[in-house]
Amino acid sequence: MPAGHVVVAATHTHSGPAFVSGGLGASTRPFRDYLIEQASHTARVALDRRTPRDVSYADAGPLPFATDRRHGVRRPDARLQILRWSESGTDPEGWLLLYPCHPTVLGPDNMLLSADYAGQARSALVARRPGADVIFATGFAGDINAGHKVADSYRAERDDNRTFAESARLGALLADAAVVADY
């Protein structure tokens, strides 16, 4: 495949194990090797499965929860952008959602693994279209959080607004916006 046809993107969650050294938590070589092996396998499967598809783009606009994580003000420039693909004339087979907001709905008191609101958005779209492929990327998340300041992530206190229910609500909001976007 020509290099110009490949996009490498990354996303992250603050509710997952450490992958690189230097952050919070310990990173292990076996875990990194496992992730690299799985990513390589997924890329090979995707390459083997490739077939022509119709692709459409939509800009669903800003969603009401992206907040400047330093100053606590809403960010109207945090727009949900969507690529949707399907076989000619069929229902969507998949979506690529790009929303520049850190997946930090769950607070520092959460000790469970989670894909946060991004995983909830993926699950909500798959529930509407079983078997669909849904990819989520945060893109340039920079200083954008889901309604709280960065300092709030370093407090061990429970925050009743940073729950799995809130993560599911925001994920459903993204999924709704992706489904009704004007393609």
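Structural notes, computed from the coordinates.

The rules behind the values
- Residues numbered from 1 in each chain as written.
- Predicted model: local features only at pLDDT ≥ 70, side-chain atom pairs only at ≥ 80, totals over all residues.
- Heavy atoms only, no water.
- Helix = DSSP H or I, 4+ residues; strand = E, 2+ residues; numbered from the N terminus.
- Rg over C-alpha atoms; globule rule 2.2 N^0.38 Å.
- Buried < 20%, exposed > 50% of the residue type's maximum accessible area, 1.4 Å probe, protein only.
- Contact = heavy atoms within 4.5 Å.
- Areas by Shrake-Rupley, 256 points an atom, 1.4 Å probe, with all protein chains shown as cover.
- Expected span 1.5 Å × (residues − 1).
- Arc of directions from axis to C-beta.
- Pairing = 2+ DSSP bridges.
- Axes fitted to C-alpha atoms, helices over the stretch in contact; angles between N-to-C directions.
- Core = buried A, V, L, I, M, F, W, Y, C linked by side-chain atoms within 4.5 Å.

Here the focus is the overall build of the chain. When its secondary structure is counted, the chain shows 3 helices and 6 strands. Ordering the α and β elements of the chain from the N terminus gives α-β-β-β-β-α-β-β-α. Expected size for 183 residues packed as a compact globule is a radius of gyration near 16 Å; at 17 Å, the chain falls within 12% of this value. With 183 residues in all, the chain has 32% of them scored as buried. A sequence separation of at least 24 residues applies to 69% of the contacts in the chain between residues at least 6 apart. Accessible surface for the chain amounts to roughly 11,200 Å². Of this, 56% is attributable to carbon and sulfur atoms.

Working note: α-helix, 3.6 residues per turn, so residues spaced by three or four point in the same direction. Taking 1.5 Å of rise per residue, 17 residues should cover 24 Å, and helix α3 (residues 164–180) covers 24 Å from first to last C-alpha, within 8% of that figure. Along α3, the residues that are buried comprise S167, L170, G171, L174, A175, A177 and A178. Buried residues along α3 cover an arc of 160 degrees about the axis, so they all sit on one side. Across α3 from its buried face, at more than 90 degrees, point the exposed residues A165 and V180. On the buried face of α3, the contacting elements are β1 (54–62), β3 (79–86), β4 (94–98), α2 (116–128) and β5 (133–137).

This part takes up the sheet that holds β1. Strand order across the open sheet formed by 4 strands is β1-β3-β4-β5, with mixed pairing between neighbours. Among the strands making up the open sheet, the edge pair consists of β1 and β5. Across the sheet, the axes of successive neighbouring strands diverge by a mean angle of 15 degrees, strand direction being ignored. Taken together, the 5 bridges between β4 and β5 define a ladder with parallel strand orientation.

Moving on, we get to the nonpolar core. If you look at the biggest cluster of nonpolar residues, it comprises 28 residues, and the most contacted ones within it are F65, L97, Y99, Y117 and L174. Only β3, β4, α2, β5 and α3 provide two or more residues apiece to this core. If we ignore the near neighbours within four places in the chain, the residues touching L97 are L80, Q81, I82, A121, L125, V134, I135, F136, A137 and A178.

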